[in-house]
Amino acid sequence: MRRRLGTWLFVSLTVVGCATTGTFQGQVYRGPQTSYRIGSLPPTWTSIRVNQEDDLAWHSTNEGAVMHVASSCDPSLDIPLKALRTHLLIGFTERNIIDEEVIPMDSREALRTHLEAKLDGVPREILLQILKKDGCVYDFGVIAPPGAPYEAALADFETMLGGFTTELDAS
């Protein structure tokens, strides 16, 4: 089973880790199971290395926010998007879903969930987006202190999401 959001939060909040199993150059991630492109991030986002996972993560020097992209290709992950979302939230308490909808993303449907929750008693505002495509699951998340820090991080997150595609040219 996938260990996603709780682990990336731990890693990114402590800023510890080693290299991913793939490479990330420019805006393109190439891993052993999948490859994709994301939108650009401003220099206020510092890359955080994640140990032995097909994950990318960043920490914002301005907002105290973290952002994450992960991919996993495993036939056992062919489960409903809401079940995947629930798994991402393991470790969070006092969850309050503000909005949840299915939206188009990269020629498929993605589940987008905006919520407030606590992590170790600390309030956080979170946006998760989960996509299943071609036997793979892609999950995206941004987490920040509620209010203005979240709103500032959200703008950069939307830019990153807006550039996402699994269709890569030969370059």
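What comes next is a walk through the structure.

What counts as what
Residues numbered from 1 in each chain as written. Predicted model: local features only at pLDDT ≥ 70, side-chain atom pairs only at ≥ 80, totals over all residues. Heavy atoms only, no water. Buried < 20%, exposed > 50% of the residue type's maximum accessible area, 1.4 Å probe, protein only. Helix = DSSP H or I, 4+ residues; strand = E, 2+ residues; numbered from the N terminus. Pairing = 2+ DSSP bridges. Disulfide = S-S within 2.5 Å. Phe/Tyr/Trp six-rings, centres within 6.5 Å; stacked < 30°, edge-to-face > 60°.

1. Some thoughts on the pairing of strand E5 (residues 55-60)
Residues in a regular strand point their side chains to alternate faces of the sheet.
Then comes step 1: Summarising burial for E5: five of the six residues are buried, a large majority.
Then comes step 2: Bridge count for strand E4 (residues 45-48) against E5 is four bridges, and the pairing is antiparallel. Each residue of the ladder has a partner; that of Trp45, found in E5, is Ser60.
Then comes step 3: Sheet topology places E5 next to strand E6 (residues 66-73); five bridges connect them, and they run antiparallel. Across the sheet, residue Ala57 finds its bridge partner in E6, namely His68.

2. Here we look at the state of the cysteines
Then comes step 1: Under the definition given, this model contains one disulfide.
Then comes step 2: Here Cys73 is linked by a disulfide to Cys136, with a sulfur-sulfur distance of 1.9 Å. Its S-S torsion of about 95° marks the bond between Cys73 and Cys136 as right-handed, since a negative value means left-handed. Of the two residues, Cys73 is situated in strand E6 and Cys136 in strand E10 (residues 136-144); the sequence distance between them amounts to 63 residues.

3. Concerning the packing of aromatic side chains
Then comes step 1: Across all of its chains, the model carries six aromatic pairs by this definition.
Then comes step 2: A centroid spacing of 6.1 Å and a plane angle of 65° characterise the contact between Phe24 and Trp58, whose relative ring orientation is edge-to-face. In this pair, Phe24 sits in strand E1 (residues 23-25) while Trp58 sits in strand E5, placing the two residues 34 residues apart along the sequence.
Then comes step 3: Looking at Phe24, the relative accessible area reads 33%, which means it is partly exposed.
Then comes step 4: Trp58 gets classed as buried once you look at its relative accessible area, which sits at 5%.

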